[in-house]
Amino acid sequence: MTTSTRGASKVPAVLVLEDGRIFRGRAYGAVGETFGEAVFSTGMTGYQETLTDPSYHRQVVVMTAPHVGNTGVNDEDMESGKIWVSGYVVRDPARVPSNWRSRRTLDEELAAQGVVGISGIDTRALTRHLRERGAMRVGIFSGNALPDEGTMIAQVRQAPEMTGADLSAEVATKEAYVVPAIGEKKFTVAAVDLGIKGMTPHRMAERGIEVHVLPATASVDEVYAVAPDGVFFSNGPGDPATADHPVAVMQAVLERGTPLFGICFGNQILGRALGFGTYKLKYGHRGINQPVQDRTTGKVEVTAHNHGFAVDAPLDKVSETPFGRAEVSHVCLNDNVVEGLQLLDKPAFSVQYHPEAAAGPHDAAYLFDRFVSLMEGQRA
Ligand SMILES: NC(=O)CC[C@H](N)C(=O)O
């Protein structure tokens, strides 16, 4: 049953950026203090999927949509077993959530999971600040007796930075597990979990794929022990420059020529495996309304993004790599950031965005079919 949040928290809360800018609001969710990298998401819907996406580990997410929590919280739309954001920033929480699937309010869910949030923030001003100055560390402090401003700023500046953070092992499964194919089983895929979202194996299972989800630390032998028709590398938190182990495993997969697909962190790992660099974007792409062009067809798709880093590969030429020729297959039309890579001499490709996005849009779902085609091609 949905309960009302009329009479929202009167507990004061403060949001403190590492450059000293301060916003005052009210406690939302758990009361306490939290730290992370401040990032903004432009998604108008899908907050449950955002909160439970393991890629948001150690990030404090600012919602640009002014009303959050309108449809409450249900038991079906989680992308993983828990909320991963380290903090949550909203302007106006829904006073009376309403949806036929809603079980509790977002405020209650954040509090139950110990996630510190803040409401009553001018999220437009905060977003403009982050766009101008770039993503940066932030702290949220709530309670009736708060430290003085200088102490809070000093604490924020001691928090770890996202650059150089190696986080996959903190969010990935410790034990391998299997997501069975829905209907007739056609293929087996080994999916290296770097922070996988639940919808990803589901989108594969819908296409007759039995998905063996393996820990981030899986070795090449463990990947091939499941006799895979294809290998998948998932999304995940942290800086791709630290992901040396998955890069080495991917290089072994490319060497063998097994069909390969990567999403988000998986795209950055393919970039590194081919010898390209990665770099941190000023404020990243997060939301469900980003225009991307598939250069292999010319079509433009509206897509879901959540990335703070990107691959540094040339847009205008085919690159020679240790695994043959490679090219940028997808590009973001807002800023020309690399959004996809494909090999021309091996069955391997990846995208920086989210074809599995559960809150939609679903324009990019065809990429799972492309993966199936690669696996079919390998059998033929
Ligand atoms: N969703 C993801 O896989 C994110 C990848 C990486 N952590 C980034 O921020 O760019």
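Residue positions are given per chain, counted from 1 along the sequence in the order it is written. For a predicted model such as this one, the threshold for reporting local features is a pLDDT of at least 70, and the threshold for listing and counting side-chain atom pairs is 80 or more; totals across whole chains, interfaces and linings nevertheless cover every residue.

Caption draft 1: A look at the nonpolar core. The term nonpolar core means buried Ala, Val, Leu, Ile, Met, Phe, Trp, Tyr and Cys residues held together as one set by C-beta atoms within 7 Å. To sort residues by exposure, count the other C-beta atoms lying within 10 Å of each residue's C-beta; 20 or more gives buried, 12 or fewer gives exposed, and values between give partly exposed, all with C-beta atoms placed from the backbone. Val61, Val85, Val89, Val189, Ala191 and Val192 are the most contacted members of the largest nonpolar core, which totals 103 residues. Looking at which domains feed residues into this core, each of domain 1 (12-158) and domain 2 (168-379) gives three or more. With residues up to four places along the chain from it excluded, the contact list for Val61 reads Val39, Ser41, Thr50, Tyr56, Val85, Tyr88 and Val89. An automatic or database domain assignment supplies the residue ranges for each domain. Contact between two residues is assigned whenever their backbone-derived C-beta positions fall within 7 Å.

Caption draft 2: Up close: the domain arrangement of the chain. Assigned domains of the chain: these are domain 1 (12-158) and domain 2 (168-379). The distance between the C-alpha centroids of domain 1 and domain 2 comes to 28 Å. At the interface, 23 residues of domain 1 touch 21 residues of domain 2. Helix and strand assignments come from DSSP, with helices taken as H or I runs of at least 4 residues and strands as E runs of at least 2, each series counted from the N terminus. When contributions to the side of domain 1 that touches domain 2 are tallied by element, the ones reaching two or more residues are strand S3 (33-41) and helix H3 (123-133). The greatest single-element share of the side of domain 1 that touches domain 2, amounting to three residues, is contributed by S3. Three classes are used: nonpolar for Ala, Val, Leu, Ile, Met, Phe, Trp, Tyr, Cys and Pro, charged for Asp, Glu, Lys and Arg, and polar for all others, with Gly counted as polar. Along the lines of polarity and charge, the residues of the side of domain 1 that touches domain 2 split into eight nonpolar, nine polar and six charged.

Caption draft 3: Focus on the site of the ligand. In the vicinity of the ligand, the contacting residues are Ser55, Asn235, Gly236, Pro237, Gly238, Cys264, Phe265, Asn306, His307, Gly308 and Phe309. When residues of the shell around the ligand are assigned to their parent elements, the largest contribution, four residues, is made by strand S16 (residues 300-312). Per-class residue counts for the shell around the ligand are four nonpolar, seven polar and no charged. Placing a C-beta atom from the backbone of each residue, we mark the residue near a molecule or strand if the atom is within 6 Å of it.

Caption draft 4: Quick peek at the pairing of strand S15 (residues 277-294). In this description, strands pair whenever DSSP reports at least two bridges between them. Bridge count for S15 against S16 is 11 bridges, and the pairing is antiparallel. Note on S16: the bridge partner recorded for Arg286 is Asn306. What sits between S15 and S16 in their antiparallel hairpin is a turn of five residues, with Gly298 showing a positive phi close to 85°. Here S15 pairs with strand S18 (residues 324-332) via three bridges, running antiparallel. From the neighbouring strand, Asp294 faces S18, where its bridge partner is His330.

Caption draft 5: Representation of the environment of Asn289 in the model. In this structure, Asn289 sits in strand S15. Sequence separation between Asn289 and Glu79 is 210 residues, and the spatial gap between their C-alpha atoms is 19 Å. When sequence neighbours within four positions are dropped, the list of residues in contact with Asn289 reads Thr42 and Val302.

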